[in-house]
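Residues per chain are reported as follows:
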Amino acid sequence: ADVRLESVSGLWEHEQSDIIDPLLHILERDEDAGVRAEAALALGRFVVLAEQGKISERYLARIEAALRRVIENGDEVEEVCGRALEAAGAHDVPWVRQAISEAYESDVFRLKVSAVHAMGRSCEVRWLPLVLRELTSDEGELRYEAARACGSIGDESVIPNLVRLVVDPDEEAKQAAIHALGEIGGRQSR
């Protein structure tokens with residue numbers, strides 16, 4: 001399982017469609033949850049490429065169907081469902097928005113973290129009220145994901161909130177806030 005996980009992870013720069021079918025197979029059939037979660041993340045690159053018009057719709061349809069099956073599978077491990085949700089986050093369609101909302105409202109911490117991550121991947125301003133709420137969460141992981149989401153969404157109105165996070169006691173949340181300010185840019189960020 002460790003070798004399979006590292007093999008999938010090692011393909012992080014590969015954007016050719018020849019690995020889509022193997023990744024779909026791994027996502028749906030590998031016996032190890034960690035490997036399935038890594039495959040979901042890898043498929044997320046292709047969702048973004050499809051949104052940019054760089055791969056065909058037929059690939060997106062197959063990826064979307066597989067990610068949806070995983071997200072809606074009540075028997076799947078939370079980590080795998082969360083990573084599938086993160087991967088689908090860039091695809092702006094009603095079922096993805098609904099899945100993000102449901103995961104965010106769930107009592108499952110792992111899914112809430114993935115929902116905030118997916119909000120950022122969507123780059124949609126509609127999620128800002130929830131993302132801003134999580135910038136002040138008691139949980140460092142949620143503050144980290146919320147800061148990253150702010151950077152991805154890129155709305156300058158969040159800069160004061162990110163500035164407050166620059167002195168966060170959680171080092172990763174602090175770094176995410178600094179990175180987000182860099183992504184948003186502008187005089188106020190400087």
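All of the points below concern the structure found in this document.

**Some points on the overall build of the chain**
Turning to step 1, where the next piece is worked out: Looking only at helices and strands, the chain has 11 helices and 0 strands in total.
Turning to step 2, where the next piece is worked out: For the chain, the N- to C-terminal ordering of α and β elements is α-α-α-α-α-α-α-α-α-α-α.
Turning to step 3, where the next piece is worked out: In terms of overall size, the chain behaves like a compact globule, its C-alpha atoms giving a radius of gyration of 17 Å where 190 residues would be expected to give roughly 16 Å.
Turning to step 4, where the next piece is worked out: If you line up the chain on its principal axes, its C-alpha atoms span 45 × 35 × 35 Å.
Turning to step 5, where the next piece is worked out: Within the chain, the proportion of its 190 residues that are buried is 47%.
Turning to step 6, where the next piece is worked out: At a minimum sequence separation of 6, the contacts of the chain that also span at least 24 residues come to 64%.

**Brief notes about the packing of aromatic side chains**
Turning to step 1, where the next piece is worked out: Scanning the entire structure with this criterion turns up 0 aromatic pairs.
Turning to step 2, where the next piece is worked out: Above the plane of the ring of Y59 lies R58, whose end atom (NZ or CZ) is 4.5 Å from the centre.
Turning to step 3, where the next piece is worked out: Over the aromatic face of Y104 sits the side chain of K112, whose NZ or CZ is 4.8 Å from the ring centroid.

**Brief notes about empty space enclosed by the protein**
Turning to step 1, where the next piece is worked out: Across all of its chains, the model carries 1 cavity of 30 Å³ or more by this definition.
Turning to step 2, where the next piece is worked out: In this structure, the largest cavity is lined by V47, L60, E64, L67, A88, H91, W95 and V96.
Turning to step 3, where the next piece is worked out: Elements represented by at least two residues in the lining of the largest cavity include exactly helix 4 (57-72) and helix 6 (94-105).
Turning to step 4, where the next piece is worked out: When residues of the lining of the largest cavity are assigned to their parent elements, the largest contribution, 3 residues, is made by helix 4.
Turning to step 5, where the next piece is worked out: When grouped by side-chain class, the residues that make up the lining of the largest cavity number 6 nonpolar, 1 polar and 1 charged.

**Digging into the packing of helix 4 against helix 5 (residues 78-88)**
The geometry of a pair of packed helices is captured by two quantities: the angle between their axes and the separation between those axes.
Turning to step 1, where the next piece is worked out: Between helix 4 and helix 5, the least distance of the axes is 8 Å, while the angle of their chain directions is 140°. Between helix 4 and helix 5, the interaxial angle falls into the category oblique. Two packed elements cross with a definite hand, and for helix 4 against helix 5 that hand is left-handed. Along the contact surface, helix 4 presents L67, V70 and I71, while helix 5 presents V80, C81, A84, L85, A87 and A88.
Turning to step 2, where the next piece is worked out: Class assignment of the residues belonging to the contact of helix 4 with helix 5 gives a composition of 9 nonpolar, no polar and no charged.

**Things to note about the environment of N161**
Turning to step 1, where the next piece is worked out: Position of N161 among the secondary structure elements: in helix 10 (residues 159-165).
Turning to step 2, where the next piece is worked out: Since its relative accessible area comes to 23%, N161 is described here as partly exposed.
Turning to step 3, where the next piece is worked out: For the pair formed by N161 and A177, sequence separation is 16 residues and the distance between their alpha carbons is 9.0 Å.
Turning to step 4, where the next piece is worked out: Every residue in contact with N161, bar those within four places of it in the chain, is listed here: L132 and L135.

**Some points on helix 6**
Turning to step 1, where the next piece is worked out: The first and last C-alpha atoms of helix 6 sit 17 Å apart over 12 residues, in line with the 16 Å expected at 1.5 Å per residue.
Turning to step 2, where the next piece is worked out: Every buried residue of helix 6 is accounted for by W95, V96, A99, I100, A103 and Y104.
Turning to step 3, where the next piece is worked out: For helix 6, the elements touching its buried residues are helix 4, helix 5, helix 7 (109-122) and helix 8 (128-134).

Definitions and cut-offs
- Residues numbered from 1 in each chain as written.
- Predicted model: local features only at pLDDT ≥ 70, side-chain atom pairs only at ≥ 80, totals over all residues.
- Heavy atoms only, no water.
- Helix = DSSP H or I, 4+ residues; strand = E, 2+ residues; numbered from the N terminus.
- Rg over C-alpha atoms; globule rule 2.2 N^0.38 Å.
- Buried < 20%, exposed > 50% of the residue type's maximum accessible area, 1.4 Å probe, protein only.
- Contact = heavy atoms within 4.5 Å.
- Phe/Tyr/Trp six-rings, centres within 6.5 Å; stacked < 30°, edge-to-face > 60°.
- Lys NZ or Arg CZ within 6 Å of the ring centre and 35° of its normal.
- 1 Å grid on protein atoms, 1.4 Å probe; cavity = no way out; pocket = protein on both sides within 12 Å on 5 of 7 lines; lining within 4 Å.
- Points joined across faces, edges and corners; volume = space filled by probe spheres on them.
- Nonpolar A, V, L, I, M, F, W, Y, C, P; charged D, E, K, R; others polar.
- Axes fitted to C-alpha atoms, helices over the stretch in contact; angles between N-to-C directions.
- Parallel < 35°, antiparallel > 145°, perpendicular 65-115°, else oblique.
- Left-handed = near helix turned anticlockwise from the far one by under 90°.
- Expected span 1.5 Å × (residues − 1).

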